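# Observations on the model geometry
The primary structure of each chain is shown beneath.
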Amino acid sequence: MIVVTGASGQVGGRVAALLKAPHVLLVREPSKAPETQKPVKFAEYANKSGMTAALREAEADTLFLVSGREDANRRKTHETAVDAAVQAGIQRIVYLSFAGAAPDCTFTFGRDHWYTEQYIRATGLQFTFLRDNMYLEMIPRLADEQGVIKGPGGDGRLAAVSYDDIAAAAVNVLENPRDGETFTLTGPEAFSLHEAAGILGLTYVPETVDEAYASRAHYGAPAFEVAGWVTSYEAIANGELEEVTDHVERLTGHKPRSLRELRGA
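Residues numbered from 1 in each chain as written. Predicted model: local features only at pLDDT ≥ 70, side-chain atom pairs only at ≥ 80, totals over all residues. Heavy atoms only, no water.

### Regarding unusual backbone geometry
Unlike most non-glycine residues, E59 shows phi in positive territory, near 55 degrees. Relative to the helices and strands, E59 is located in the loop between α2 (48-58) and β4 (62-66). (Helix = DSSP H or I, 4+ residues; strand = E, 2+ residues; numbered from the N terminus.)

Structure follows, in structure tokens:
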């Protein structure tokens, strides 16, 4: 039995819709539950006892773990979810990580993903890590109301990947275990934000790092969140998201969706 977390979200919901193997959905609260005939459990990652109980009730051996909400304590939240999985008798975790996850990567949230990967490794459970690039569908949403993308991305490139391709890859490794392997999921090509803006009919205005922090100050967001926003652009500028792999095609049998295809959809 497979437990699919994040089942009300973009990736988890798609995974749940595609999976043919027996599975149970897990969401944070009843109000978030998708309309489905499939079994649904409710638990918060940070609630170890609740998470453990939900996994035990599901009688699952595999957990598809979508990363938790962006939070200053996300590392601890992930630890708690993994501890619950161990306590509940889960034997395999497929974790949705991030491209280039490393202890010193530029993107601050990427460091959280690396930490979670190491924590999962230390449990002794079987695992597969799916490190996706930025979401392709998020690129148009980077623009403000005037259709302008602003950020310190410079002329760097990223190989963004679609929700559909990530989900299809995840389903493959859930139904055909690839224990101990790490896959970097990307789109078919890397593009700059200048090029993305051109494809989407938008405008890209490069900012310095200081300008980026200043232009986002009016949101009143916590410092960790603003740092995540800004460093995602810095990671692009530094070339940390430009790698293009064939992992989506290897796992799914089809080429990943491009930004031009997204635009034409």
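### Overview of the pairing of strand β6 (residues 126-132)
Among the seven residues of β6, six are classified as buried, and the element is accordingly described as predominantly covered. Of the strand pairs in this sheet, strand β5 (residues 92-98) and β6 are connected by seven bridges, and their pairing is parallel. By the bridge assignment, R92 is partnered in β6 with Q126. The parallel pair β5 and β6, bridged by helix α4 (residues 108-123), forms a crossover whose chirality is right-handed. Across four bridges, the pairing between β6 and strand β9 (residues 182-185) is parallel. In the strand pairing of β9, L130 is matched with F183. (Buried < 20%, exposed > 50% of the residue type's maximum accessible area, 1.4 Å probe, protein only. Pairing = 2+ DSSP bridges. Right-handed = clockwise from strand over helix to strand, strands pointing away.)

### Concerning the packing of helix α1 (residues 10-18) against helix α5 (residues 163-175)
Contact geometry for α1 and α5: axes closest at 8 Å, N-to-C directions at 50 degrees. The angle between α1 and α5 falls in the class oblique. Handedness of the crossing formed by α1 with α5: right-handed. In contact with Q10, V11, R14, V15 and L18 of α1, α5 contributes Y163, D164, I166, A167, A168, A170, V171 and L174. Of the residues assigned to the contact of α1 with α5, the class counts are 10 nonpolar, one polar and two charged. (Axes fitted to C-alpha atoms, helices over the stretch in contact; angles between N-to-C directions. Parallel < 35°, antiparallel > 145°, perpendicular 65-115°, else oblique. Left-handed = near helix turned anticlockwise from the far one by under 90°. Contact = heavy atoms within 4.5 Å. Nonpolar A, V, L, I, M, F, W, Y, C, P; charged D, E, K, R; others polar.)

### Examining the environment of D179
Tracing the sequence through the fold places D179 in the loop between α5 and β9. By relative accessible area, D179 is classed as partly exposed at 32%. Once the C-alpha coordinates of D179 and S97 are considered, the two residues, 82 residues apart in sequence, prove to be 15 Å apart. In terms of polar contacts, D179 uses its side chain to reach the side chain of R92, at 2.6 Å. (Polar contact = N/O pair within 3.5 Å; in protein donor to acceptor, adjacent residues only side chain to side chain.)

### Some details on the packing of aromatic side chains
By the definition in use, this model includes eight aromatic pairs. Ring geometry for F98 against F107: centres 5.0 Å apart, planes inclined by 55 degrees, an arrangement best described as tilted. Relative accessible area serves as the criterion here: at 9%, F98 is assigned to the buried category. Among the residues examined, F107 registers a relative accessible area of 12% and is labelled buried. For the pair F107 and F109, a centre-to-centre distance of 5.4 Å together with 70 degrees between the ring planes defines the contact as edge-to-face. For the residue pair F107 and F109, the accessibility class agrees, reading buried in each case. (Phe/Tyr/Trp six-rings, centres within 6.5 Å; stacked < 30°, edge-to-face > 60°.)

### What to know about the side chain of H23
Relative to the elements of secondary structure, H23 occurs in strand β2 (residues 23-27). Exposure remark for H23: the relative accessible area of 10% places this residue in the buried category. Within the structure, the side chain of H23 is placed 3.2 Å from the backbone oxygen of A16, a separation counted as a polar contact. Looking at H23, its side chain comes within polar contact range of the main-chain oxygen of A21, at 2.7 Å. In contact with H23, not counting residues within four places along its chain, are M1, I2, V4, A16, K38 and P39.

Geometry only, nothing functional implied.
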